[in-house]
Amino acid sequence: LHVEAVSKTKGGFCASCKYMELKPEDKNGDIDFEQVLGEADAMYRLIEWNIIIDGVGSLRYLQMDVEMDNPSGQKDQDQRKDWIDPFIGLKWKWKFAEKWGTHLRADAGGFSIGSKRTFNFVGRLDFNPWQHVGFFGGYRGLYQDYSTGDGGNKFKYTGWMHGPMLGLNVTW
C-alpha cells in the first residue's frame with residue numbers, strides 16, 4: 001500500500017506499508033519469517049520541469065518476527081525485534097511519452113540510530129493508459145545493517161531484501 005500527495009506549495013508526504021511472510025522448510029528445521037515495513041516520508045519538490053525531483057526525509061519502521069523450530073530436540077528460537085531508521089534521499093520522475101514514465105528513488109540512513117546504516121533503491125516503469133488509472137513494474141532493493149543486545153540475547157540482521165514489484169496507480 002502506497003499513498004503520495006504533493007500540494008501546490010511543493011510540500012508533500014508519502015506513506016507506505018508492506019508485509020512479507022516466508023516459510024521455507026528445511027531438513028534442519030522450519031523457519032517462519034514475518035516482516036512489516038512502514039514508511040512516512042516528508043517531501044519537497046526541488047525541480048518540476050521536464051522531470052520532477054523531490055527531496056525526501058523520513059522514518060522507516062521495521063518489525064521482524066523470526067521463529068526457528070529445531071527437529072533435533074534443541075531449543076526452538078523465537079525473536080521479535082522492531083526499530084526505526086531515519087533516512088534522506090531523492091526521487092526522480094520523468095514522463096518520456098504520453099502514457100509512459102519512469103520513477104527512480106535512492107535513500108540512505110540509519111545513522112546508528114536504528115540500523116547502523118541502510119540503503120534503499122527503487123526503479124520502476126509506469127504505464128498510464130487512462131487518465132486516473134495506471135500500472136507500474138519495477139525492482140526494489142533495501143539493505144540494512146542492524147544489531148542489538150549481546151551474548152545469548154544478541155540479534156543481528158545484515159542483508160539485502162530485494163525483488164520485483166508490480167502495482168496499480170490510482171490518481172486524482
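Residues numbered from 1 in each chain as written. Predicted model: local features only at pLDDT ≥ 70, side-chain atom pairs only at ≥ 80, totals over all residues. Heavy atoms only, no water.

*Asks:* Can you walk me through the nonpolar core in this structure?
*Replies:* By size, the foremost hydrophobic cluster in this structure holds 11 residues: F33, L37, L62, M64, V66, W83, L142, Y146, F155, Y157 and M161. Within the residue set of this core, elements represented by two or more residues are β4 (29–48), β5 (51–69), β9 (133–148) and β10 (155–170). In this structure, F33 is in contact with M20, E21, L22, M64, D65 and V66, ignoring residues within four places of it in sequence. (Core = buried A, V, L, I, M, F, W, Y, C linked by side-chain atoms within 4.5 Å. Buried < 20%, exposed > 50% of the residue type's maximum accessible area, 1.4 Å probe, protein only. Helix = DSSP H or I, 4+ residues; strand = E, 2+ residues; numbered from the N terminus. Contact = heavy atoms within 4.5 Å.)

*Asks:* Looking at this structure, how should I read the packing of aromatic side chains?
*Replies:* The description of an aromatic ring pair rests on the distance of the ring centres and on the angle between the ring planes. Counted by the stated rule, this structure contains 10 aromatic pairs. Clustering of aromatic rings is evident, with ring pairs tying together F119, F121, Y143 and W160. Over the aromatic face of F87 sits the side chain of R60, whose NZ or CZ is 4.0 Å from the ring centroid. Note that R124 overlies the ring of F136, its terminal NZ or CZ placed 4.5 Å from the centroid. (Phe/Tyr/Trp six-rings, centres within 6.5 Å; stacked < 30°, edge-to-face > 60°. Lys NZ or Arg CZ within 6 Å of the ring centre and 35° of its normal.)

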